[in-house]
Amino acid sequence: MVPTRVSLPCGNGAHRPDVAREHSGAQILAATSSEAATAFVEVGAIAIGLSFLALIASRVGITAVPLYLMAGLAFSDGRFVST
């Protein structure tokens, strides 16, 4: 690719037109394996579960932290619920 001249800002607000930068085009990052896709689904499920716990806590009138801690115990190796 041919480097193009661009104007980059310096720390003091001035521009340096003498600095060249290459344009590499758009890059798209995507999950390339089923394990990565599964990880994204699991993270989404965790976020939805924590938001549901926060909703329950707000309805009861308490902070969500105790519910988060109980959920952590429920799904950790020191289980109080066997799955």
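Here is what the cut-offs are and how they apply
- Residues numbered from 1 in each chain as written.
- Predicted model: local features only at pLDDT ≥ 70, side-chain atom pairs only at ≥ 80, totals over all residues.
- Heavy atoms only, no water.
- 1 Å grid on protein atoms, 1.4 Å probe; cavity = no way out; pocket = protein on both sides within 12 Å on 5 of 7 lines; lining within 4 Å.
- Points joined across faces, edges and corners; volume = space filled by probe spheres on them.
- Nonpolar A, V, L, I, M, F, W, Y, C, P; charged D, E, K, R; others polar.
- Helix = DSSP H or I, 4+ residues; strand = E, 2+ residues; numbered from the N terminus.
- Expected span 1.5 Å × (residues − 1).
- Patch = residues over 30% accessible without salt bridge, like charges linked within 9 Å, V, L, I, M, F, W, Y side chains within 5 Å.
- Areas by Shrake-Rupley, 256 points an atom, 1.4 Å probe, with all protein chains shown as cover.
- Salt bridge = Lys/Arg side-chain N within 4 Å of Asp/Glu carboxyl O.
- Buried < 20%, exposed > 50% of the residue type's maximum accessible area, 1.4 Å probe, protein only.
- Arc of directions from axis to C-beta.
- Contact = heavy atoms within 4.5 Å.
- pLDDT = per-residue confidence, 0-100.

Here's the deal with the layout of surface pockets
Of the volumes computed, that of the largest pocket is approximately 170 Å³. Taken together, A45, I46, G49, L50, L53, A71 and F75 make up the lining of the largest pocket. Residues belonging to the lining of the largest pocket are distributed by class as follows: 6 nonpolar, 1 polar and no charged.

A few points about helix 1 (residues 34-60)
Under the 1.5 Å per step criterion, the end-to-end length of helix 1 is 39 Å for 27 residues, consistent within 8% with the ideal 39 Å. Where helix 1 terminates, the next one or two residues include G61, which has phi positive at roughly 100°.

A word on a nonpolar patch on the surface
On the surface, a cluster of nonpolar side chains totalling about 460 Å² of accessible area is made up of F52, L55, I56, V60 and I62. Tracing the chain through its elements places V60 in helix 1.

Focus on helix 2 (residues 65-74)
Inspection of helix 2 places L67, A71 and A74 among the buried residues, and these make up the whole buried set. Relative to the axis of helix 2, the buried residues are bounded by an arc of 60° and lie together on one face. Looking at the buried residues of helix 2, the elements they touch are helix 1.

Section: the confidence of the model for the protein chain
Predicted coordinates in areas of low pLDDT are best not read in detail. Per-residue confidence for the protein chain averages 74 on the pLDDT scale, and 54% of its residues sit at or above 70. When the elements of the protein chain are averaged for pLDDT, strand 4 (residues 20-21) gives the smallest value, 52, and helix 1 the largest, 91.

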